[in-house]
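Here is how the chains run, residue by residue.
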Amino acid sequence: RIGRSTGVLIMAVAASAALVGGKGSIIFTWIFTSLTAILAFLFFVPIRGKQETPQHPKKRYDEREIMFARMRMKPESPQFEQYYNEHPDHKEIDDTIRAGGERLSNKLHAQIMEIATHASFKAVGALRNHVDGPVAEEKKEVPAEQRSTFIEGLAKHFGALGVGITELRSEHIYSHIGRGAEMWGAEIKLNHTHAIAITTEMRKEHVDTAPRQPIKAESAVQYANAGLTAVMLAETLRGMGYEARAHIDGNYQVICTLVARDARLGEIGRHGLLITPEQGPRVRIAVVTTNMPLEGYIYE
């Protein structure tokens, strides 16, 4: 329609210019050409609008609701019976997922990669009991104006790709435990003031193999790398005299994507994953929460 309308408009202008004749025809045509160029520029060149403040959940989210927590429950456990008595509408779809199981390839390479995947997740599992610990009595004070920069550099030294700091909001924190070392269903009480989000990069050549096995192995190893980085960073902060807890795969108390978004590391896509400017969704996230006073992004 636009092309047809434009053609009719050009023919009308050409006819008008012919009727005007002489210098008037030239001026008329020049004005029309200029206006057309301006309109074309406005139509084809995107105009960057004002960036909106990210929307936050209206309430805290229960970790027991997420897919990974639901798949972890064993059918004979009291938690299994309690959860599906309270959420009968989830039972059918969850049973379908469980019945699907893992479809392993007959190829040796894929089988070895599957073993490597489990090795990475086992490494993460070994870290889950080290996310928290005692705090040193003596504080090692870094000047306030240098503190956030120091923490960012420290996280990158330990292996982080991206680092961001934000005020810890209530909506960042899960309401109840669904995984991890603590009791299933326990209410989460986290009184830290700030959160440090870190990312590690998944290699593009492995991500490009999706949905085949190498992307699963790459995802697992980056969960391990992000977890190790967060555990080391949290241990360092506690050694400096501040409370700190690492939030890693299988032992979260915060929603990492929300924290990373508010720490300005990226935006959350429709698939629920963080999308960073450079790597897109090819990142894995871990978080460290702390009561160390830090300068970070605060959303009103």
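Residues numbered from 1 in each chain as written. Predicted model: local features only at pLDDT ≥ 70, side-chain atom pairs only at ≥ 80, totals over all residues. Heavy atoms only, no water.

**Q** Describe the overall build of the protein chain, listing the residues and the values that go with them.
**A** Scanning the protein chain for helices and strands turns up 10 helices and 6 strands. Sorting the 300 residues of the protein chain into buried and exposed places 42% on the buried side. For the protein chain, the share of sequence-separated contacts (at least 6 apart) that also reach a separation of at least 24 residues comes to 74%. Just so you have it, the protein chain exposes about 18,300 Å², and 59% of that area is on carbon and sulfur atoms. (Helix = DSSP H or I, 4+ residues; strand = E, 2+ residues; numbered from the N terminus. Buried < 20%, exposed > 50% of the residue type's maximum accessible area, 1.4 Å probe, protein only. Contact = heavy atoms within 4.5 Å. Areas by Shrake-Rupley, 256 points an atom, 1.4 Å probe, with all protein chains shown as cover.)

**Q** So what's going on with unusual backbone geometry? Which residues, and what values?
**A** A cis amide bond links A210 with the next residue in sequence, P211, at an omega value of 10°. Here P211 is to be found in the loop between α8 (204-207) and α9 (213-239). Positive phi, normally seen in glycine, also occurs at R264, with a value near 65°.

**Q** Can you tell me about the environment of N191, naming the residues and giving the values?
**A** Along the polypeptide, N191 turns up in the loop between β1 (162-167) and β2 (194-201). A residue is classified by how much of its surface remains accessible, and N191, at 61% relative accessible area, is exposed. Separated by 98 residues in the primary sequence, N191 and T289 have C-alpha atoms spaced 9.2 Å apart.

**Q** Which residues make up the nonpolar core, and what are the values?
**A** If you look at the biggest cluster of nonpolar residues, it comprises 52 residues, and the most contacted ones within it are I196, I198, L237, I248, V287 and V288. Those elements that provide at least two residues to this core are α6 (108-127), α7 (144-158), β1, β2, α9, β3 (244-247), α10 (256-262) and β6 (283-290). Membership of the second largest hydrophobic core comes to 5 residues, among which are F80, Y83, Y84 and W184. (Core = buried A, V, L, I, M, F, W, Y, C linked by side-chain atoms within 4.5 Å.)

**Q** Got a sec to walk through a nonpolar patch on the surface? Specific residues and values, please.
**A** Taken together, the side chains of M67, F68, I93 and I97 define a hydrophobic patch exposed on the protein surface, amounting to about 400 Å² of accessible area. Of all the elements in the fold, those that place two or more residues in the nonpolar patch are α3 (67-72) and α5 (91-100). Secondary-structure assignment places I97 in helix α5. (Patch = residues over 30% accessible without salt bridge, like charges linked within 9 Å, V, L, I, M, F, W, Y side chains within 5 Å. Salt bridge = Lys/Arg side-chain N within 4 Å of Asp/Glu carboxyl O.)

**Q** Go over the sheet that holds β1 with me, naming the residues and quoting the values.
**A** An order of β1-β2-β6-β3 is seen for the 4 strands of this open sheet, with the pairing classed as antiparallel. The sheet is open, and its two edges are formed by β1 and β3, each paired on a single side. Along the sheet, successive strands turn relative to each other by an average axial angle of 20°, direction set aside. Pairing of β2 with β6, which is carried by 8 bridges, proceeds in the antiparallel orientation. By the bridge assignment for β6, I196 is matched with V288. Across the face of the sheet, α7 comes into contact with β1 and β2 while running at roughly 140° to β1. (Pairing = 2+ DSSP bridges. Axes fitted to C-alpha atoms, helices over the stretch in contact; angles between N-to-C directions.)

**Q** Tell me about the pattern of salt bridges, and name the residues and values.
**A** Counted by the stated rule, this structure contains 18 salt bridges. Residue D62 is joined to R64 by a salt bridge in which the shortest nitrogen-to-oxygen separation is 2.6 Å. For D62, a relative accessible area of 16% translates into the label buried. Assessed through its relative accessible area of 15%, R64 is described here as buried. In this structure, K204 engages D208 in a salt bridge whose closest nitrogen and oxygen atoms are separated by 2.8 Å. When its relative accessible area of 47% is taken as the criterion, K204 is described as partly exposed. When salt bridges with common partners are traced through the structure, they connect K91, D95 and R98 into a single cluster.

**Q** So what's going on with the packing of aromatic side chains? Which residues, and what values?
**A** The tally for this structure, following the rule as stated, stands at 3 aromatic pairs. Ring centres of F121 and Y223 lie 6.2 Å apart, and the angle between their planes is 35°; on these two criteria the pair is classed as tilted. Placement of F121 in helix α6 and of Y223 in helix α9 is noted, with a sequence separation of 102 residues between them. These aromatic residues form a ring-pair network of at least three members: F80, Y83 and Y84. Sitting over the face of the ring of W184, R64 holds its NZ or CZ atom 5.3 Å from the ring centroid. Its guanidinium or amino end placed over the ring of Y242, K139 lies 4.9 Å from that ring's centre, counting from NZ or CZ. (Phe/Tyr/Trp six-rings, centres within 6.5 Å; stacked < 30°, edge-to-face > 60°. Lys NZ or Arg CZ within 6 Å of the ring centre and 35° of its normal.)

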